[in-house]
Amino acid sequence: MTRLPLQTLPAFRAVARLENLRAAAEELHITHSAVSQQIKLLEEQIGFELFDRRGRRVALNAAGTALLRAVEPALAALDEGVRTAALASGNAEQRLRITLLSSFAHRWLLPRMGRWRECHPDIGLELHTSQHLVELQREGFHAALRQGSGQWRGLDAVCLTDSPMIVLGSPQAARRLQGCSAAELADEPLLGSTVMWQRWFALNKLRTRVNPVASFSDAGLMLQAAEQNLGLALGREILAADALRDGRLVRLSPVEMRHEEAQTYWLAYPPELADWPPLMALRQWLLDELALSQRELDRAVPR
């Protein structure tokens, strides 16, 4: 069996991704000649070419594509192993890279960042907001704050809160709608998802046509619209916690959606980081702060 020259694989992967020897050399901090020699050595050792040469551009051929598909998982695992070893050594910078939804960042996390700094002044947070599911290891993140079932391949997850979805309106709307039934709320301008509103009305034993006046890709924007009296929002209680406490939003119905109807929040992370002190600190701080938010809501908002 042909022996694969392992030292050439980083150059092979870089050239395959960038399709340019010079760009790969710059990324690897070696010379253009060194990259060329490593690709040549790899092809000579295995006995066939891996790239089609098109002037300055190189592109994987069928053999190269097959080889990259085979070696990429191993290279990614090695990269992650080095990162994990650096963390375990204690020499790595104490900085957590976290990806999360912008709604959770703006409506709940950012107002509490001062308390995080008071508790953990030696651990920095680097926040990345995205509506899309991010591959943590591949993109260099330590953890993610996600909504869902808690099942993500290759990750451990801790449930943070099963905060329900509730009907919210501005103080002006609350004064006008005090004592209204669920059926009467259906005649109001509604904000958000048609499907979620239909589910909420179904919990009230109502089958009604729902046509929201506006929908949003970001729950934080929807709550802001409700605060400005543009309509009623069906939003997650925890995201509205500060607005409910301060009176900028008012809960308009005791009926709430939980569990199957409303996805919960989780902290997800690679299992090898489960005992890493900065991540353990974040996990406990989030649980403590969310519990505090719930106690404040229980005192301030009648159910």
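Keep in mind that this is a model prediction, so the values were computed, not measured. All residue numbers refer to positions counted from 1 along the written sequence of the respective chain. Two thresholds apply to this predicted model, a pLDDT of at least 70 for residue-level local features and 80 or more for giving and counting side-chain atom pairs, whereas whole-chain, interface and lining totals are computed over all residues. Working from all heavy atoms in the structure, the side-chain values ignore hydrogens and water.

1. Description of helix H10 (residues 194–203)
Relative accessible area decides the class of each residue, using a 1.4 Å probe on protein chains only: under 20% of the type maximum gives buried, over 50% gives exposed, and in between gives partly exposed. For helices the rule is a DSSP run of H or I covering at least 4 residues; for strands it is a run of E covering at least 2, with both sets numbered from the N terminus onward. Burial in H10 covers these residues: Met 196, Trp 197, Trp 200 and Phe 201. Take H10 and look down its axis: the buried residues cluster within an arc of 135°, on one side only. Lys 205 lies just past H10 and shows a positive phi near 65°. By definition, the arc is the one covered by directions from the helix axis to the C-beta atoms.

2. Things to note about unusual backbone geometry
One non-glycine residue, Glu 19, lies in positive phi territory at about 55°. With phi around 60°, His 29 is a residue other than glycine that occupies positive phi space. Within the secondary structure layout, His 29 lies in the loop between helix H2 (21–28) and helix H3 (32–46).

3. Observations regarding the pattern of salt bridges
Salt bridges are defined as contacts in which a side-chain nitrogen from Lys or Arg sits within 4 Å of a carboxyl oxygen from Asp or Glu. On inspection of all chains with the given rule, the structure shows 16 salt bridges. In this structure, the salt-bridge partner of Arg 107 is Glu 227, at a minimum N-O distance of 2.8 Å. Highlighted residues: Arg 107 in helix H5 (residues 102–109) and Glu 227 in helix H11 (residues 219–227), separated in sequence by 120 residues. Assessed through its relative accessible area of 14%, Arg 107 is described here as buried. Taken together, the shared-partner salt bridges connect Arg 107, Arg 112, Glu 227, Asp 242, Arg 245, Asp 246, Arg 248 and Glu 296 into one network.

4. Side note on the packing of aromatic side chains
Between the rings of Phe, Tyr and Trp (Trp by its six-membered ring), a pair exists once the centres lie within 6.5 Å; its type follows the angle of the planes, with under 30 degrees stacked, over 60 edge-to-face, and the other angles tilted. Applying the stated rule across the entire model yields 8 aromatic pairs. By way of ring pairs, the aromatic residues Phe 104, Trp 108, Trp 116, Tyr 265 and Trp 285 are connected into one cluster. Either the NZ atom of lysine or the CZ atom of arginine qualifies as a charge over a ring when it sits within 6 Å of the ring centre and within 35 degrees of the ring normal. Its end group placed over the ring of Phe 141, Arg 97 keeps NZ or CZ at 4.2 Å from the ring centre. Between the NZ or CZ atom of Arg 146 and the centre of the ring of Trp 152, over which it lies, the distance is 5.4 Å.

5. Structural notes on the sheet that holds strand S9 (residues 232–236)
With respect to topology, 4 strands assemble into an open sheet ordered S8-S9-S7-S10, the strand pairing being mixed. Of all strands in the sheet, those bounded by a partner on one side alone are strand S8 (190–191) and strand S10 (250–251). At least two bridges found by DSSP between two strands are what make those strands a pair. For strand S7 (residues 165–169) and S9, the ladder comprises 4 bridges, and the chain directions are antiparallel. Bridge pairing in S9 places Ile 166 opposite Gly 235. Contacts from H10 reach S7, S8 and S9, with the element oriented near 90° to S9. Residue contacts are defined here by distance: any two heavy atoms, one from each residue, within 4.5 Å place the two residues in contact. Here, axes are lines fitted to C-alpha atoms. For helices the fit covers the stretch in contact, and angles between N-to-C directions go from 0 to 180 degrees. Across the sheet, H11 lies against S7, S8 and S9, angled at about 140° from S9, the strand it touches most.

6. Here we look at the nonpolar core
The nonpolar core is taken to be a set of buried Ala, Val, Leu, Ile, Met, Phe, Trp, Tyr and Cys residues, with the residues joined through side-chain atoms within 4.5 Å. Core analysis: the biggest nonpolar cluster contains 42 residues, and Leu 267, Leu 279 and Leu 282 have the highest contact counts within it. In this view, Leu 279 contacts Leu 96, Ala 143, Leu 267, Tyr 269, Leu 273 and Ala 274; residues no more than four positions away in its chain are not counted. Leu 9, Ala 14, Ala 25 and Val 58 belong to the second largest nonpolar core, which has 19 residues in total.

7. Focus on the pairing of strand S5 (residues 143–148)
With 5 of its 6 residues buried, S5 lies for the most part within the structure. Pairing between strand S3 (residues 95–100) and S5: 3 bridges, direction parallel. Residue Ile 98 lies in a different strand from S5, and its bridge partner there is Ala 143. Where S5 lies against strand S11 (residues 264–269), 5 bridges are found, and the strand directions are antiparallel. What sits directly across from Gln 147, in S11, is Tyr 265.

8. Thoughts on the confidence of the model for the chain
Per-chain confidence: the chain averages 87 in pLDDT, with 92% of residues scoring 70 or above. What pLDDT conveys is the predictor's confidence in a given residue, as a value from 0 to 100. The least confident element of the chain, judged by mean pLDDT, is helix H4 (residues 62–89) at 76; the most confident is S8 at 96.

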